[in-house]
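Chain by chain, the residues:
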Amino acid sequence: MTLRKIRMLITSIAVVVSSLQITRAEHIDLNLSDYDDDLMRDLDKAIKYFEPDITAGNADAAKDDAATLEDGFKYTEDYFRKKGPYEDAVAISIEGLKYTRAAVEAVTNNDFTAAAAAAQAAAKTCRACHDIYKPLNKK
Ligand code: HEC
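The rules behind the values
- Residues take numbers from 1 onward in each chain, read along the sequence in its written order.
- Under the rules for a predicted model, residues below a pLDDT of 70 receive no local features and side-chain atom pairs below 80 are neither given nor counted, while totals for whole chains, interfaces and linings still include all residues.
- Every axis in this analysis is a line fitted to C-alpha atoms, fitted for helices over the stretch in contact. Angles between the N-to-C directions lie between 0 and 180 degrees.
- Strands are runs of DSSP state E lasting at least 2 residues, helices are runs of H or I lasting at least 4, and numbering of each runs from the N terminus.
- Just so you know how the angles are binned, under 35 degrees is roughly parallel, over 145 roughly antiparallel, 65 to 115 roughly perpendicular, and the rest oblique.
- We call a crossing left-handed when the near helix sits turned anticlockwise from the far one by less than a right angle, and right-handed when that turn is clockwise.
- We call two residues in contact if the C-beta atoms placed from their backbones are at most 7 Å apart.
- Three classes are used, and their members are as follows: Ala, Val, Leu, Ile, Met, Phe, Trp, Tyr, Cys and Pro are nonpolar, Asp, Glu, Lys and Arg are charged, and the others, Gly among them, are polar.
- The span you would expect from a helix comes to 1.5 Å times its residue count less one.
- One fitted axis covers the seven residues ending at a residue, a second covers the seven starting there, and the bend at that residue is the angle between these axes.
- Whether a residue is buried, exposed or partly exposed is read from the other C-beta atoms within 10 Å of its own C-beta, which are placed from the backbone; 20 or more gives buried, 12 or fewer gives exposed, and intermediate counts give partly exposed.

Participant: Help me get a handle on the packing of helix H4 (residues 87–108) against helix H5 (residues 112–133), residues and values and all.
Facilitator: At a minimum axis distance of 8 Å, the contact between H4 and H5 shows a crossing angle of 165°. It follows that H4 is roughly antiparallel to H5 by the angle criterion. When the axes of H4 and H5 are compared, the crossing they make is left-handed. Facing Asp88, Ala89, Ile92, Glu95, Gly96, Tyr99, Thr100, Ala102, Ala103, Ala106 and Val107 of H4, the residues of H5 in contact are Phe112, Ala114, Ala115, Ala118, Ala119, Ala121, Ala122, Thr125, Ala128, Cys129, Ile132 and Tyr133. Counted by class, the contact of H4 with H5 contains 18 nonpolar, three polar and two charged residues.

Structure follows, in structure tokens:
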């Protein structure tokens, strides 16, 4: 991917994510007894370090974070596809994966500014899904 394509991808995904947030779908309750909370906690650590690792220019650490995030978004995509299908959760997961990959591409191209923007956008997809699907009594 060229840098211009990465930027275009980031812009187009940003539009989708912001429209998801504007519509602010109602909260949905579902049985999450089979959900992988441990993976979510790994994601939490990875997302906290992702952008700081990028802005520090720490490419290897950022790629490690991204690998965890990719696993997480693939898991949520698959989980919500089988469970519902809950199309919006599937779409949000795919967005998160695309942002994560765009960040890695940008890191590879030494464009840490674009990478940081993509990392921030990836973090927004976590919240977009939680707003709808994470039980309200969970922090
Ligand atoms: C497509 C939906 C979806 C996406 C994307 C998603 N999550 Fe979650 N997450 C959930 C749901 C649903 C729960 C609640 C699970 C439960 O109650 O067992 C949850 C729970 C959590 C928890 C609480 C786990 C616990 O200890 O109970 C954390 C932390 C978390 N997510 C972090 C993240 C991070 C960080 C990202 C993004 C990198 C992310 N999640 C992306 C759906 C999602």
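Still more ground to cover, so stick around.
Participant: Summarise helix H2 (residues 37–55); cite the residues concerned and give the values.
Facilitator: End to end, H2 covers 28 Å across 19 residues, agreeing with the expected 27 Å (1.5 Å per residue, within 8%). At Tyr49, H2 shows its maximal bend, which comes to roughly 30°, and the proline Pro52 appears one to four places after that position. Every buried residue of H2 is listed here: Leu43, Ala46, Ile47, Phe50, Glu51, Asp53 and Ile54. Where H2 ends, the next residue or the one after it, Gly57, has phi of about 75°, a positive value.

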